[in-house]
Amino acid sequence: MKNLLTASILVLSVLGGAGLALNDDLRASASNIVPGQDNLEDNHSGHSHENSGDFEFGTTHEHALFYMVVNGSELSFLDKQLEEDYVHLENNNSNIVHKHATGVTWKDFLTSIDVTVSQGEKLCVNAKNISQCGNGTVWLNGERSASIEAEISQGDRMFIILGDSFNQTLSDYYSEQLPRAYSPEASRGRRL
């Protein structure tokens, strides 16, 4: 097992030093080697990288931050993390959106995790067996009542907050930032 771990680190170092970047999912698999595991598994099992509808896989590689809070409870979407090729939640992280195709909007992402949001006099959310309208906001990069039609961009921060104390909840999340490992300067080369 120790030899497998050493070999994996060596391969990652050589490829990284050559200016090549491995797929995030393979890198995550290599960093999660555990005793008794004979081979590396791609954490995207059942997830193929093919073109999906209007989106061409591999035309971009970006990450954004996403939180949804309803009545003070943060919702997790880990059960929906690998539904689409072109946009999905990062491996085992319900708060990091991983975009693989140019043109993908926040609405496309929300659709991929079975969430609908409508904005009017009240914010209405349908997610995780919750269908509710009330006081709330869609907050994107400092803009309240932001449009979910906006294209997802590297470093975006989207918070969808519904409930009577949405102002306090927003201030609780306001300082959340995308981890440095997901910033453009943290990666080298074109990702697959």
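Because the structure is predicted, anything quoted here is derived from the model rather than measured.

**Q** Any details on the state of the cysteines? Residues and values, ideally.
**A** Counting across every chain of the model gives one disulfide. Shown here is the disulfide that connects C124 with C133, its sulfur atoms set 1.9 Å apart. Taking the sign of the S-S torsion, 115° for the link of C124 and C133, the bridge is right-handed.

**Q** Could you give an account of the pairing of strand β6 (residues 123–127), naming the residues involved and the relevant values?
**A** Most of β6 is tucked away: four of the five residues are buried. Direction of pairing for strand β5 (residues 116–119) relative to β6: antiparallel, over a ladder of four bridges. Its bridge partner lying in β6, T116 is registered against N126. With antiparallel pairing between neighbouring strands as the criterion, β5 and β6 make up a hairpin whose turn holds three residues. Bridge count for β6 against strand β7 (residues 130–134) is five bridges, and the pairing is antiparallel. Of the residues in β7, the one forming a bridge with A127 is I130. As consecutive antiparallel partners, β6 and β7 are separated by two residues, and within that stretch K128 has a phi angle of approximately 50°, a positive value.

Cut-off values and rules
Residues numbered from 1 in each chain as written. Predicted model: local features only at pLDDT ≥ 70, side-chain atom pairs only at ≥ 80, totals over all residues. Heavy atoms only, no water. Disulfide = S-S within 2.5 Å. Buried < 20%, exposed > 50% of the residue type's maximum accessible area, 1.4 Å probe, protein only. Helix = DSSP H or I, 4+ residues; strand = E, 2+ residues; numbered from the N terminus. Pairing = 2+ DSSP bridges.

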